[in-house]
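Residue-level structural notes
So the chains spell out like this:
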Amino acid sequence: MIIVPTKKSLPLFSEFPVSTNITSSTERSFFSWHANYFTLDRKKILVLVNDLSFSPIVLADINAANRQQISDYVKEGIEHVFGYSTDKPYQLKKYFLRAGRMEISYAYNRSISGINNNMIQTLKSYPEDIDLNSRLQTSVMEFLAKTPYRSMTPEYSFSIDVVKKELDKL
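Figured I'd write up the structure that's included with this text. Just so it is clear, the model here is predicted, and its values are computed rather than measured.

A word on the overall build of the protein. Secondary structure summary: the protein contains five helices and five strands in total. Starting at the N terminus and walking to the C terminus, you meet the elements of the protein as β-β-β-β-α-α-β-α-α-α. Based on the C-alpha atoms only, the size of the protein along its principal axes is roughly 40 × 35 × 30 Å. Here the protein holds 170 residues, and 46% of them are scored as buried. Sequence-distant contacts in the protein: of pairs separated by 6 or more residues, those separated by 24 or more amount to 69%. For the protein, the accessible surface area stands at approximately 8900 Å², while carbon and sulfur atoms represent 50% of it. With 21 positive and 18 negative side-chain charges, the protein shows a separation of 5 Å between the mean positions of the two kinds.

Next comes the structure, spelled out in C-alpha coordinates:
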(Lines give C-alpha, C1' and ligand atoms only; values in the text may rest on other atoms or scores of the structure.)
Protein backbone atom coordinates (compact mmCIF):
# COMPACT_ATOMS: atom_id res chain seq x y z
CA MET A 1 0.00 0.00 0.00
CA ILE A 2 1.38 3.36 -1.00
CA ILE A 3 0.90 6.49 1.10
CA VAL A 4 1.67 9.73 -0.76
CA PRO A 5 2.11 12.45 1.87
CA THR A 6 2.45 16.13 1.13
CA LYS A 7 5.74 17.73 2.09
CA LYS A 8 4.02 19.21 5.16
CA SER A 9 2.69 15.82 6.36
CA LEU A 10 5.84 13.83 5.60
CA PRO A 11 7.15 13.91 9.22
CA LEU A 12 4.00 12.04 10.36
CA PHE A 13 5.03 9.11 8.17
CA SER A 14 8.72 8.96 9.08
CA GLU A 15 8.31 5.40 10.43
CA PHE A 16 7.30 4.09 6.97
CA PRO A 17 9.87 2.81 4.46
CA VAL A 18 10.23 4.59 1.13
CA SER A 19 8.73 2.68 -1.77
CA THR A 20 11.07 1.38 -4.44
CA ASN A 21 8.19 1.03 -6.91
CA ILE A 22 8.20 3.93 -9.37
CA THR A 23 4.77 4.65 -10.87
CA SER A 24 3.47 7.36 -13.12
CA SER A 25 2.11 10.42 -11.35
CA THR A 26 -1.09 10.20 -13.44
CA GLU A 27 -1.75 6.52 -12.65
CA ARG A 28 -4.56 6.10 -10.12
CA SER A 29 -4.38 3.01 -7.95
CA PHE A 30 -6.86 1.39 -5.58
CA PHE A 31 -3.92 0.68 -3.26
CA SER A 32 -2.60 4.24 -3.07
CA TRP A 33 -3.64 7.01 -0.65
CA HIS A 34 -2.79 10.73 -0.66
CA ALA A 35 -2.33 12.30 2.78
CA ASN A 36 -2.41 15.81 4.19
CA TYR A 37 -3.41 17.39 7.48
CA PHE A 38 -4.70 20.58 9.00
CA THR A 39 -4.79 21.83 12.58
CA LEU A 40 -7.90 22.37 14.66
CA ASP A 41 -7.55 23.58 18.25
CA ARG A 42 -3.81 22.80 18.08
CA LYS A 43 -4.53 19.16 17.11
CA LYS A 44 -3.54 17.64 13.76
CA ILE A 45 -6.44 16.27 11.73
CA LEU A 46 -5.04 13.83 9.15
CA VAL A 47 -7.03 13.33 5.93
CA LEU A 48 -6.21 10.47 3.55
CA VAL A 49 -7.92 10.02 0.17
CA ASN A 50 -7.87 6.85 -1.93
CA ASP A 51 -6.50 7.61 -5.40
CA LEU A 52 -9.09 5.59 -7.33
CA SER A 53 -12.28 5.73 -5.27
CA PHE A 54 -11.74 9.04 -3.41
CA SER A 55 -12.66 7.28 -0.15
CA PRO A 56 -11.74 9.48 2.81
CA ILE A 57 -10.07 8.58 6.09
CA VAL A 58 -10.13 11.29 8.75
CA LEU A 59 -8.03 10.82 11.91
CA ALA A 60 -7.93 13.34 14.76
CA ASP A 61 -5.14 14.20 17.18
CA ILE A 62 -2.20 12.65 15.34
CA ASN A 63 1.00 13.72 17.08
CA ALA A 64 4.55 12.59 17.80
CA ALA A 65 3.45 10.37 20.68
CA ASN A 66 0.98 8.27 18.68
CA ARG A 67 2.68 8.47 15.29
CA GLN A 68 4.05 4.91 15.76
CA GLN A 69 0.48 3.52 15.63
CA ILE A 70 -0.50 5.46 12.49
CA SER A 71 -0.50 2.31 10.34
CA ASP A 72 -3.02 0.71 12.72
CA TYR A 73 -5.18 3.83 12.59
CA VAL A 74 -5.07 3.89 8.79
CA LYS A 75 -6.03 0.19 8.59
CA GLU A 76 -8.92 0.81 10.98
CA GLY A 77 -10.02 3.74 8.83
CA ILE A 78 -9.87 1.66 5.64
CA GLU A 79 -11.95 -1.09 7.26
CA HIS A 80 -14.52 1.47 8.33
CA VAL A 81 -14.79 3.46 5.09
CA PHE A 82 -14.79 0.33 2.90
CA GLY A 83 -17.42 -1.11 5.25
CA TYR A 84 -19.91 1.32 3.68
CA SER A 85 -19.56 -0.65 0.43
CA THR A 86 -19.39 -4.26 1.63
CA ASP A 87 -20.38 -6.43 4.55
CA LYS A 88 -18.04 -9.25 3.53
CA PRO A 89 -14.92 -9.28 5.72
CA TYR A 90 -13.05 -11.58 3.33
CA GLN A 91 -13.07 -8.80 0.71
CA LEU A 92 -11.29 -6.47 3.14
CA LYS A 93 -8.74 -9.20 3.93
CA LYS A 94 -8.13 -9.63 0.19
CA TYR A 95 -7.60 -5.87 -0.11
CA PHE A 96 -4.98 -5.82 2.66
CA LEU A 97 -3.21 -8.89 1.24
CA ARG A 98 -3.02 -7.35 -2.24
CA ALA A 99 -2.01 -3.93 -0.89
CA GLY A 100 0.99 -5.24 1.07
CA ARG A 101 2.91 -3.22 3.64
CA MET A 102 2.56 0.52 3.93
CA GLU A 103 5.26 2.52 2.16
CA ILE A 104 5.58 6.17 1.28
CA SER A 105 6.04 7.47 -2.24
CA TYR A 106 6.68 10.88 -3.74
CA ALA A 107 4.88 10.34 -7.07
CA TYR A 108 1.84 12.45 -6.27
CA ASN A 109 -1.11 13.21 -8.50
CA ARG A 110 -2.13 16.88 -8.45
CA SER A 111 -5.80 16.14 -9.10
CA ILE A 112 -5.97 13.80 -6.08
CA SER A 113 -4.17 16.41 -3.99
CA GLY A 114 -6.86 18.88 -5.08
CA ILE A 115 -9.60 16.52 -3.92
CA ASN A 116 -7.76 16.05 -0.62
CA ASN A 117 -7.54 19.83 -0.19
CA ASN A 118 -11.24 20.15 -1.08
CA MET A 119 -12.10 17.68 1.70
CA ILE A 120 -9.91 19.60 4.13
CA GLN A 121 -11.66 22.87 3.24
CA THR A 122 -15.04 21.20 3.77
CA LEU A 123 -13.92 19.98 7.21
CA LYS A 124 -12.55 23.43 8.10
CA SER A 125 -15.93 24.92 7.21
CA TYR A 126 -17.69 22.71 9.76
CA PRO A 127 -15.21 22.25 12.64
CA GLU A 128 -18.03 21.47 15.06
CA ASP A 129 -18.52 18.12 13.27
CA ILE A 130 -15.06 16.92 14.33
CA ASP A 131 -14.99 15.10 17.67
CA LEU A 132 -11.51 15.58 19.13
CA ASN A 133 -12.21 12.87 21.74
CA SER A 134 -12.34 10.18 19.05
CA ARG A 135 -9.41 9.20 16.82
CA LEU A 136 -11.50 7.92 13.89
CA GLN A 137 -13.96 10.55 12.64
CA THR A 138 -16.75 8.25 11.43
CA SER A 139 -19.49 10.84 10.89
CA VAL A 140 -17.40 13.15 8.71
CA MET A 141 -15.94 10.17 6.85
CA GLU A 142 -19.43 9.01 5.97
CA PHE A 143 -20.41 12.50 4.83
CA LEU A 144 -17.32 12.82 2.62
CA ALA A 145 -17.81 9.29 1.22
CA LYS A 146 -21.33 10.21 0.11
CA THR A 147 -20.10 13.38 -1.62
CA PRO A 148 -19.45 13.02 -5.39
CA TYR A 149 -16.00 13.90 -6.72
CA ARG A 150 -14.33 13.76 -10.12
CA SER A 151 -10.77 13.75 -11.35
CA MET A 152 -9.65 14.00 -14.97
CA THR A 153 -12.99 12.57 -16.14
CA PRO A 154 -16.17 14.45 -16.99
CA GLU A 155 -18.41 12.31 -14.76
CA TYR A 156 -18.67 12.44 -10.99
CA SER A 157 -18.43 9.28 -8.91
CA PHE A 158 -19.36 8.26 -5.38
CA SER A 159 -16.62 6.49 -3.46
CA ILE A 160 -19.04 3.88 -2.10
CA ASP A 161 -19.93 2.71 -5.64
CA VAL A 162 -16.32 2.63 -6.85
CA VAL A 163 -15.14 0.66 -3.78
CA LYS A 164 -17.93 -1.90 -4.22
CA LYS A 165 -16.96 -2.43 -7.86
CA GLU A 166 -13.24 -2.69 -7.10
CA LEU A 167 -13.68 -5.05 -4.13
CA ASP A 168 -15.79 -7.35 -6.30
CA LYS A 169 -12.88 -7.51 -8.78
CA LEU A 170 -10.43 -8.77 -6.11
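Now that the structure has been shown, we can carry on.
We now examine unusual backbone geometry. For Phe54, which is not a glycine, the phi torsion comes out positive at approximately 65°. Relative to the assigned elements, Phe54 resides in the loop between β3 (43-50) and β4 (56-60). One non-glycine residue with positive phi stands out, namely Asp61, at about 60°. Relative to the helices and strands, Asp61 resides in the loop between β4 and α1 (70-82).

Strand order in the open sheet made by the five strands is β4-β3-β2-β1-β5, with mixed pairing throughout. Each edge of the open sheet carries a strand with a single partner, namely β4 and β5 (103-104). Pairing of strand β1 (residues 2-5) with strand β2 (residues 32-40), which is carried by four bridges, proceeds in the parallel orientation. Within β2, the residue paired with Ile3 across the bridge is Trp33.

What counts, and at which threshold
Residues numbered from 1 in each chain as written. Predicted model: local features only at pLDDT ≥ 70, side-chain atom pairs only at ≥ 80, totals over all residues. Heavy atoms only, no water. Helix = DSSP H or I, 4+ residues; strand = E, 2+ residues; numbered from the N terminus. Buried < 20%, exposed > 50% of the residue type's maximum accessible area, 1.4 Å probe, protein only. Contact = heavy atoms within 4.5 Å. Areas by Shrake-Rupley, 256 points an atom, 1.4 Å probe, with all protein chains shown as cover. Lys, Arg positive; Asp, Glu negative; His and termini not counted. Charge placed at Lys NZ, Arg CZ, Asp CG, Glu CD. Pairing = 2+ DSSP bridges.

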